[in-house]
Amino acid sequence: MEKIYSRPRSLRENPTHYCPGCGHGIAHKLVAQVVDELDIREKVIAIAPVGCAVIAYDYWDFDCSEAAHGRALAVATAIKRLRPENVVFTYQGDGDLAAIGTNETIHAANRGENLTVIFINNAVYGMTGGQMAPTTLLGQKTATTPRGRVAQEGLPLKISELLAGLGGVKYVERVSMHAPAEVLKAKRALTQAFQNQIDGVGFSLVEILSPCPTYWGKSPQKSAEWIRDVMIKEFPLGRIK
Amino acid sequence: MAKITVDTQNCKGCLLCVAACPRGLIKKDERLNKKGFNPVKCVDAAQCSGCCLCAVICPDCCIEVYKENT
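Just so you know, these numbers come straight off a predicted model, no measurement behind them.

Some thoughts on the sheet that holds strand S1 (residues 2-5) of chain A
Spatially, S1(A)-S4(B)-S1(B) is the arrangement adopted by the 3 strands of the open sheet, whose pairing is antiparallel. With partners counted over all chains shown, the strands left at the sheet margins are S1 of chain A together with strand S1 (2-6) of chain B, one partner each. With strand direction ignored, the average angle separating the axes of adjacent strands in the sheet is 35°. As paired strands, S1(A) and strand S4 (residues 63-67) of chain B are joined by 3 bridges and run antiparallel to one another. Within S4(B), the residue paired with A:Lys3 across the bridge is B:Tyr66.

Structural notes on the side chain of A:Thr136
Residue and element names in this part refer to chain A. Structurally, threonine 136 is set in the loop between strand S5 (116-121) and helix H5 (159-164). A relative accessible area of 0% means that threonine 136 is categorised as buried. A distance of 2.8 Å separates a polar atom in the side chain of threonine 136 from the backbone oxygen of alanine 123. Among the polar contacts made by the side chain of threonine 136, one reaches the main-chain amide nitrogen of alanine 133 at a distance of 2.8 Å. For threonine 136, the residues in contact, after removing those within four places along its chain, are Ala123, Val124, Thr142, Arg149 and Pro156.

Analysis parameters
- Residues numbered from 1 in each chain as written.
- Chains lettered and ligands numbered in written order.
- Predicted model: local features only at pLDDT ≥ 70, side-chain atom pairs only at ≥ 80, totals over all residues.
- Heavy atoms only, no water.
- Pairing = 2+ DSSP bridges.
- Helix = DSSP H or I, 4+ residues; strand = E, 2+ residues; numbered from the N terminus.
- Axes fitted to C-alpha atoms, helices over the stretch in contact; angles between N-to-C directions.
- Buried < 20%, exposed > 50% of the residue type's maximum accessible area, 1.4 Å probe, protein only.
- Polar contact = N/O pair within 3.5 Å; in protein donor to acceptor, adjacent residues only side chain to side chain.
- Contact = heavy atoms within 4.5 Å.

Here's what the structure looks like:
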């Protein structure tokens, strides 16, 4: 029998430190698959975030750099400008890209840097203990909103819609990982975002709705159902720009 | 003819593949692995169509899929 599905070459054999059912594992695999399929493993440079994915460089088998919290797009801008022949992407969570790094994110997007951004939105701070993130839904219970988030604490920040309004941004799509069919759609969006950079199109962002079973207090399957039934209503899927 | 193999030592027992399998062929194994998780197992390999949906959703790359070349 022929092997038709296995670990992509760009993903190391190391077991990940992620919790059972965490979306980061799926997202790492998708990125590695896309890098392999586009045959850019020798050209790609990843910028790892601060957050649960902080040691993504231990899992991907290609060049990676690390940035201070939220500053991945500033580091990516420098690397891409100095090495325009490389394919540079950032992989950031919502605490990194949408909270402490909002400034860098908006300005890199507005400058129209030819970069690929992978934005993992799990509506919570995972690494630090499940506190409220800018993307936390109204009513969602977190460590810092034990009775559920109220509007006084801000509405869920829609980074994709926000960035889509900027002239420098060329491609924005929101995808999810709550079912295998959605994972395959996410892979197509990532392929497009990387292809855009190779073709010189410009700033491309893929927002991935990703489960955090541990800090949502749900089983992995219930977390997937929560994305499908609740989260998508606040963060609708599809091509935004 | 198709089959899956499960890396039971690295499986974290999230059971996303159990929900993903359209034929319900994947079940939780009652034995624990070295990490203390209940890994999954394929209970009826003869029924596997090699659709890969379990492997697609697996966050830990623990499932490999094999299919007869037709």
